[in-house]
Amino acid sequence: MRAEPPPYQPPAEVSPGIFLVPIPIPIPLRYVNCYLLRGPSGWTLVDTGFHDSLAEAAWPRALAHLAIRAQDIKQIVLTHYHPDHVGAAGWLQQLTGAPAFLPETEMEQFHRFWADGTGAMAERLQALFLGEGMDEATASALRRHHLQQVERVRPLPELRPLAIDSRIAMGDGTYEVIWTPGHSDGLAVFWDARRSILLANDMLLSGITPNVSVWPGSRPNPLADYLASLRRVAALGARLALPGHRALIRDVAGRAREILAHHAERLARVTDAAAASPGGATAWEICRRIFPVDGLTLHQVRFAMAETLAHLVYLCREGRLRKEGMRYLRA
Ligand SMILES: [Zn+2]
């Protein structure tokens, strides 16, 4: 059963000239935080929501609320390739005529996941999960679920790659584009050192920890990437982080430390779950020991499994676990 869609919420100015635009999304996170930045030569729109009826209803209302005409949007900046962030970019591009930028490190994932119309990624996802002990019914439901996600990233935007370590003018600020892989392979955060503001998107969230997953073809050790990125972001000393979901983050370094502690604990739990049976356990068995997957939506099952894999890969590379066939055992 699907819950009621979250209600529209108007934009809110979270820092002078920077407006948070909560776009409703049909997954348990409820909203994606998009941003509008007012600058001397027009507005920058950051992230978009899925392309669905919720975004199509919310964006015109949000723009009207701020008296922004479509042609006042001068650029669309996308932080990472996930569908709740890029889904409506093609539609918004048609509406505004603005160029759309994605970090250069994320272009490949975008094409692999959304632009390739062959369904190859859905097949690879199913094969990955079957190879890690998932049952046929769940794995094939996840293949179909992936194909539905593809439909929410249509029409495709025309993307321009945004160079890592370059600077981009957005609103009144100039932001350094910093590659911080982990939540996705090519994710970038945007750092305005002068105002000490970090556009963090899903690199840093409050209340929940950003998902870190192994996907077909992803970088070899996403969790190691993510922990390194967290340390890098904590060291910036930002006074305000604007996240991709949920509440703003004012104690940026403190939140980074909490997430680091969470993963240390999760790694211990995954190790214990693998060691609980003498012959070890498959990733799917471990996933079911850590997450109560029976109460989860397909979307959540997909992330629970891919996140379990990220922890298992990390533990094997650290020499704390080893893999024999499909089973993970204490090393
Ligand atoms: Zn994301």
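Calculation rules
- Residues numbered from 1 in each chain as written.
- Predicted model: local features only at pLDDT ≥ 70, side-chain atom pairs only at ≥ 80, totals over all residues.
- Heavy atoms only, no water.
- Pairing = 2+ DSSP bridges.
- Helix = DSSP H or I, 4+ residues; strand = E, 2+ residues; numbered from the N terminus.
- Axes fitted to C-alpha atoms, helices over the stretch in contact; angles between N-to-C directions.
- Parallel < 35°, antiparallel > 145°, perpendicular 65-115°, else oblique.
- Left-handed = near helix turned anticlockwise from the far one by under 90°.
- Contact = heavy atoms within 4.5 Å.
- Nonpolar A, V, L, I, M, F, W, Y, C, P; charged D, E, K, R; others polar.
- Donors = N, O, S within 2.8 Å, 3.2 Å for Na, K, Ca; no water.
- Tetrahedral: all angles 85-135°; square planar, octahedral: opposite > 155°, others 65-115°.
- Buried < 20%, exposed > 50% of the residue type's maximum accessible area, 1.4 Å probe, protein only.

### Some points on the sheet that holds strand E9 (residues 173-179)
One open sheet holds the five strands; their spatial order is E8-E9-E10-E11-E12, and the pairing between them is mixed. If you trace the sheet from one side to the other, it starts and ends with strand E8 (167-170) and strand E12 (240-243), each paired once. For this sheet the average axis-to-axis angle between neighbouring strands, irrespective of direction, equals 30°.

### Concerning the packing of helix H5 (residues 120-130) against helix H6 (residues 136-151)
In contact at an axis separation of 8 Å, H5 and H6 are set at 155° when each is read in the N-to-C sense. With respect to their mutual orientation, H5 and H6 come out roughly antiparallel. For the crossing formed where H5 meets H6, the hand is right-handed. Here H5 contributes Met121, Ala122, Glu123, Leu125, Gln126, Phe129 and Leu130 to the contact with H6, which in turn contributes Glu136, Ala139, Ser140, Leu142, Arg143, His146 and Leu147. For the contact of H5 with H6, the per-class residue count stands at eight nonpolar, three polar and three charged.

### Side note on the coordination of the zinc ion
Looking at the zinc ion, the protein donor atoms are His80 (NE2), His82 (ND1), His183 (NE2) and Asp202 (OD), and they sit 2.2 to 2.3 Å from it. With four donor atoms in place around the zinc ion and angles of 83 to 172° between them, the coordination shape is irregular. Sequence spacing of the donors to the zinc ion: H-x1-H-x100-H-x18-D. Of the two residues, His183 is situated in the loop between E9 and strand E10 (188-192) and Asp202 in the loop between strand E11 (197-201) and helix H7 (222-235); the sequence distance between them amounts to 19 residues. On the basis of relative accessibility, which here comes to 7%, the residue His183 falls in the buried class. Note on Asp202: relative accessible area 3%, which makes it buried.

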